[in-house]
Structure formats: structure tokens, C-alpha cells
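# Structural overview for review
The primary structure of each chain is shown beneath.
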Amino acid sequence: MLRKTLIILLLFIIMSFTSGCWDVQEISRRGIASTVFFDSGKTSSVKIGIVIPVPGTQIPPVQGTTQQFQKRHFIILGEGKSALEAWTKVHSNVATDIFFGQIRAIILSEEVARGNINDVLDFVGRFPLIPPNTNVLLTKNDPEKLLDLKNEANLLPGNYIDFYFQIPGKRTLALPLDLWRVNSIVDKKWQDSYLPIIEQSQDNYRIAGTAVFSENSMVGELDMDETQTLALIMGSDLGYLTLPLNDVKLVAFHKIKSQTKTEITVSDTGIVTFDVKLKITGGVVESKPQRIISKDETERIENEAETLTKRKIEALLTKLQGLNSDPVGFGGKYRIKYPRQWANIDWHQVYPVAIINVHTKFSIKSTGLFK
Amino acid sequence: MLKEKTGIGPGLLFMILYATLFSLGVMQSPYVAAEYIGNNGYWGLVLAFVLTVGLIILLNSLGRKFPKKSIIQYLPVVCGTFLGKILGLIYLTFIFAILILSSNMTALQSGTYFLFRTPSWAIFLLYLGVLTYIAHQGIEGITRLAAFIFPVTFILSLMAIGFSFQSFELDNIRPIFFIDGLKIPLGAVQLFYPFFPLITVLMIYPYLTEKRKGFKTILGATTLAFFMILATIISGIGNYSAPGVLRYSWPVIEVTRKANLPFILQSFGLFFTVSWLTLTLTGLGFLYYILAEGIAQLLGVLNYKWFTLILFPIIYSGMILLTEIIEVRYIFSFFRVSGFVFTIGFLLFVWLLAVIRRRGGKKDAA
């Protein structure tokens, strides 16, 4: 009896120290951040903006009533010498406790991206609650104005971005990159980062194109067509391609799937050569003029597609080498085959002068419902 | 020694060894592999496992020489009374060090991810209370607890580690067969630490009911823990690459946290953390029991139940002393090497002395 009493007493004492007492927080006390953006401030060096949903707007209005709020989110800004200082200014502007556990997107302004993204993302990456799968994007617009926009679907910006990238068919229009993957690429040093670009278009967000980086700083951008070509090289499964056959004839493909094999050789004189072989397949989704595609024409189309994709890829790689940006990860191939030499070279001196030979093979996988 | 009413069978031994080895070994292993070896750091664990097989042979051999005695009891027989007691104390100090460091890191990890505002002393107090309760149950209670939690925790851990391969890139773990000087053997020394708890077998060998199955059981549990930890290292490096792993304080939590099945399960991180914490508390409770039982045998007074209470403030003080994560990492790096030297050296020394002095066998079985 005494033993049981002592055990019960001990349990009560332990429960009184149960850690939930310190860390308990009501959900209504949380300001759940949907998106966070980083920009350069006017007076100080770091500007942070946090998109917070308006409480009560996440539930649809009761039938017969109207939504009270025109927009479902608002932005709070803060500026400071450090990201933390800026964040505390944001914190002082809301009644709730800013909660990062459900962030869907992190947006960097172009000005910030042209600095060092590793430094910018260090602050947000140290928060244990931030989901590692948070999308990271770049904008050339003012991020405050961009995110303040009430998009046509009236979705929270973070949800809009998250839903966008959940659709597989959109991932070749702007290559998505999660926060953990950005950090991984930055640490690896045998590949350069790339971020999808978000901008305002037709009272909505347009997510297309890619910002490319060299040693953690933005050095250039690729348009949507170049992004799709980059997706081809990196391996895609739902890409798009339009093939003009002459001034009036064209064939367009979707479900472009590509598999890439890259071989590297280093000559005795130190010349680095990459042989990039791509196997691309696609399904015909448009044929102008509309016609049945015969076997003979299939061969011609495939040859033309091989030529076109080879030309696009070569042009893209030339551009990337000119920018000294290696988002494809050719450095990784060098490191795997020549690990001892890798430790002694500066990849960003070797990469721009490397020779890259491209070979493509294209085949039509399907023609849709029509022949 | 407090005599248990029954012994423990091979199954129970398997469960407790697996729980202890996996839980204490998994959390920092990708970090250590990446830091000391690099992208093919998994070879360090493979080499460490090969060494461990030899260790298990030694353990089993010593156990069979003294089937009814724990190491604290037969050390004076092998080495002489005074030296035997000193070595026994050193052995228990090593167990104490594993307990302090592991429980400290577990509490710090909880503080980082879940309990931001809870003071460290409260987390230490809570965890130590749980360990004390578990240790108080004795060897049979602890092993039955391990057997009870094994199915669920194993399945959840396996699923979490399996799904963590979601974004695995083969290039990150290549070149696979690259040998860069002595990095792999030296890395194997660093990666031997998951197998430190095997040394506790020397204390519980007398309780085994089927001693002839001892070697297979210990090897089986170690092999399962080895494969799980190996998969975690390969997943960690394969996802982040070796330089990428080094960014994180808790890379295993991160690699399971980012495993994300949309619309089905948002993140596996929490499931893995819960499983791991359950296994860790069981494993640490086991170590606490070993320490209490060892002290009782060494001093020849009271029993382990008393010592689970007597040791409480001492262990708590040890945990409180190390509250800075950077300090803990620093000490841990030295502990891994010294622990390797001690584990192999201590066992070899005792075994050789037993062989040379012809101690053990039938006359020492009673």
C-alpha cells in the first residue's frame, strides 16, 4: 500500500514537470505564416515579409452569406540589420505568435539572390519547425506587391505555389526546388543552385522560368523554353516540345520523357570533355495541319526533333557555361570519375572551358486518340 | 545479486540488444560517416561491423567460460581481487559514460525539435525518471518491454527509413569503391560506437536460459541493427551528399522529416522520432539497470533496486553538467575513439588473461 502510494505521488510530481506545461500553445494564439519573403530594405540591410492568413477566411462562408473579407491574407513587414532583427520587428506587429510550421514557400527577391543565398537561407533554415519541403522561389518583382496581390482564385500565396508544384505537368515549366535541396546543392559544391521564378501575370501568379546561380549568387535567368530544355537534360517525365517542320507545318508533343547519360573524359593535357546522350520520347498532342502521321513521316519528324533538341540543348549549355553556372551537375560527374583530381581543382574555372558534346535520340511514343 | 525468478530467453535478449544498439547508434551515424570518410562513409560501418563479429566471439567465449557469473563477479577470479575490482569499476564507468552522453543527446534533441521553452533540467528530470522506472523493473521486465515495443517501432522505423529514400541520388554516394588513404579504417574506429552497448552482455549472460544460442542471438540482433543503421547512413548521404549531411545537428531526423507522401501522410518524421525515442528510453533504461546491478555486485551490498535510486542524483548531475550541444559534440568525438580502444582492449585483455591463467570452464561454472 505504501509502495503504491509512493509511486502515485512520484507520478504526480513527474506530471507536474511534464514539459507540455512550458511549451503548450493554443492554436488560436498562433499566427500561421503561409509564405515568407526576403528582400533588401531601404534603410537597413534585411527586409522580411510574412504572409499571414486572415483568421476565419480559411473556412468557406455559410451558404446564403457572403465572405466578409475581400482578401484572405495580409502581409507584415520588418526591416533590420540582421534577419532576426527584421523578424522581431514583424513579431512586434502582430498579436499572435508567428508560427513557421506550415510555411509553403520562401521567396527571395532578385537583389537578395544576387548576394549569397546560403547566408539568406541560414536564418530560416535553423528554425526546427520549418518544413524541409518548403518551396523556394525567386521573384524579379517587388515581393511585397507580388504577395499582396489577391490572385483570382483567392488562394493564400503559399497554397497557390504548393498546389502548383504538386501538379507533375508543371514541373518542367519551372523546376521546383525544396529548401532542403537548395541547402544540399549549396553544400555539395559540384552543382549550382537554380530557383523557379514567380511573377505577376493577369492578376495571378505566373511561375515559369528559372534563375540560375554560380557559387550561391544569381547570375542569370532562363525563360520558360530554356527551362524546359534544362528539364530535358536533368531528366523529365512530363515535358512539352513544339517542332516546326516548315513555315506551315508543325507537330507538338507532350509527356516528353528524357533519360540522360553523361560520360566524362579528361585528356592528358587537362581538357575536360563531356558526352551527353539523351533518349527522349514524346506523345503527339498537336499536328498542324491535322493529318494521319505515317510511318515515313514519323522518321522525318523524329530526325527533325533530334536536331531541334540537340540545337536547343547545345545553345542552353553554351549559355550556362558563359554564366559559369552548372545547375545540371557536370561537376558531380567529374568528382565521381576523378575523385583525387576533384580535390585539387576549382570547378568554376574548369567548367566554362569544358567541351560538351550532345547526342539526342527522339522517338514518338504515342499519337493520342488520333492516328 | 538479486536473483531473478526466471531467466531471459534468446528472443528477449535479441529484442533488448536490438533496441539498445539501434537507438543509440542511429542518430549521429550519418554525420560521423560523412565527416570522417565522405561520400562512401557507409564502408566505415561495414568495417566496424566486421570487427564487431570478432567482439561477439570474444563476448560469447567469456560467457561460456563463466556461464553463471557476470563480469563483475569473475574479474577478481581472472585478474586478482584488487585489479579485478578496479577493472570492474572502469567497466562500470564506461557504461556510465555511455548512459550520460546518450541520454544527454536524446534530451537535447527533444529540446531542439519539440520542447523549445522547457528548461533542460525538466527534460533531464523527466527522462531520468522514466529510465529509473524502467531500470527498477529488472532484466526480465526490461526485456519484456523491449519485446512489446519491438513490432511497432521496427515497422515504423523501417517505413520511415524506407520512405526517406524518396529523393535519393545515386551520384551522392559515389564513387562507391574509392579508397582515400586511411579514411575508411579510421572512420571505422569512429563508427564503432553503435556497438559499444554489446559490452553489457557480459553482465546479463548468467540470465540466459539457452546459452548455446547466445552467439547466434547476439549476432542476429547486431546484424539487424547494423543493416538499419547502414540504410540510414546510405539514405542520409544519398539525399544530402556528405557535405550536405554535415550541415545538420540531427541529420537522421531531417532525412525522415522530409520524406513526404502528399495526401497520405505529410511527414514521417514524427513517427520515426516517436519510435526512436521509445527504443532509446528502453535501451537507456537497460544501461541504467546494468549500471545499478554492476555497482551492487561490485560493492556487495544492497541490490540493484536500491542503486537505481542511489545513482539517480549522480546520473542527473552528470547530465546537467553537459547542457551545451557544441560541448557535447566535442566530448562525443573523443569518446568514440576512447570507447573503441576500451571496448576492444578491455575484452581482449580479460579474455587473454582468462586463457593464459586457465580461468573459467567447468570449475568456475558454479
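What follows concerns the sheet that holds strand β13 (residues 272–288) of chain A. Residues and elements named next belong to chain A. The mixed open sheet is built from 4 strands, whose spatial order is β11-β12-β13-β14. The open sheet terminates on both sides in strands that have one partner only, identified here as β11 (239–244) and β14 (355–366). Going from strand to strand, the sheet's axes swing by 35° on average, the running direction of each strand aside. As defined by bridge partners, β11 adjoins strand β12 (residues 250–266) across 6 bridges and the pair is classed as antiparallel. When the sheet's bridge partners are listed, Tyr-240 is paired in β12 with His-254. Helix-sheet contacts for helix α10 (residues 295–323) involve β11, β12, β13 and β14, and the interaxial angle to β14 is about 145°. Along the sheet face, helix α11 (residues 330–337) touches β12 and β13 and points at about 35° away from the line of β12.

A pair of packed helices is captured by two measures, namely the crossing angle of their axes and the spacing between those axes. Residues and elements named next belong to chain B. Following both chains from N to C, one finds helix α6 (residues 120–136) and helix α13 (residues 269–299) inclined at 60°, their axes separated by 8 Å at the closest point. As for how α6 packs across α13, the hand of that crossing is right-handed. Here Tyr-127, Val-130, Leu-131, Thr-132, Ile-134 and Ala-135 of α6 come into contact with α13, specifically with Leu-281, Thr-282, Leu-284, Gly-285, Tyr-288, Tyr-289 and Ala-292. Of the residues that constitute the contact of α6 with α13, the class distribution is 10 nonpolar, 3 polar and no charged.

Counting buried residues along helix α7 (residues 157–166) of chain A, 8 of its 10 residues qualify, which places the element largely inside the surrounding structure. Among all positions in α7 of chain A, only Pro-157, Gly-158, Asn-159, Tyr-160, Ile-161, Asp-162, Tyr-164 and Phe-165 of chain A are buried.

All names here are of chain A. For chain A, the domain assignment lists domain 1 (28–60 + 67–222) and domain 2 (229–371). Computed from C-alpha coordinates alone, the two centres of domain 1 and domain 2 are separated by 31 Å. The partner domain 2 presents 18 residues to the 17 residues of domain 1 that form the contact. Counting only elements with at least two residues in the side of domain 1 that touches domain 2, the list comes to β9 (204–214) and β10 (217–222). Here the side of domain 1 that touches domain 2 takes 4 residues from β9, the largest share from any one element. Its residues assigned to classes, the side of domain 1 that touches domain 2 shows 8 nonpolar, 6 polar and 3 charged.

All names here are of chain B. If you trace the backbone, Gln-190 turns up in helix α8 (residues 183–190). C-beta crowding within 10 Å serves as the criterion here: with 21 such atoms nearby, Gln-190 is assigned to the buried category. A C-alpha to C-alpha distance of 14 Å links Gln-190 and Ile-229, two positions 39 residues apart in sequence. Among residues more than four places away in sequence, those in contact with Gln-190 are Val-32, Tyr-36, Gly-44, Arg-336 and Val-337.

The rules behind these values
Residues numbered from 1 in each chain as written. Chains lettered and ligands numbered in written order. Predicted model: local features only at pLDDT ≥ 70, side-chain atom pairs only at ≥ 80, totals over all residues. Pairing = 2+ DSSP bridges. Helix = DSSP H or I, 4+ residues; strand = E, 2+ residues; numbered from the N terminus. Axes fitted to C-alpha atoms, helices over the stretch in contact; angles between N-to-C directions. Contact = placed C-beta atoms within 7 Å. Left-handed = near helix turned anticlockwise from the far one by under 90°. Nonpolar A, V, L, I, M, F, W, Y, C, P; charged D, E, K, R; others polar. Buried ≥ 20, exposed ≤ 12 C-beta atoms within 10 Å, placed from the backbone. Domains from an automatic or database assignment.

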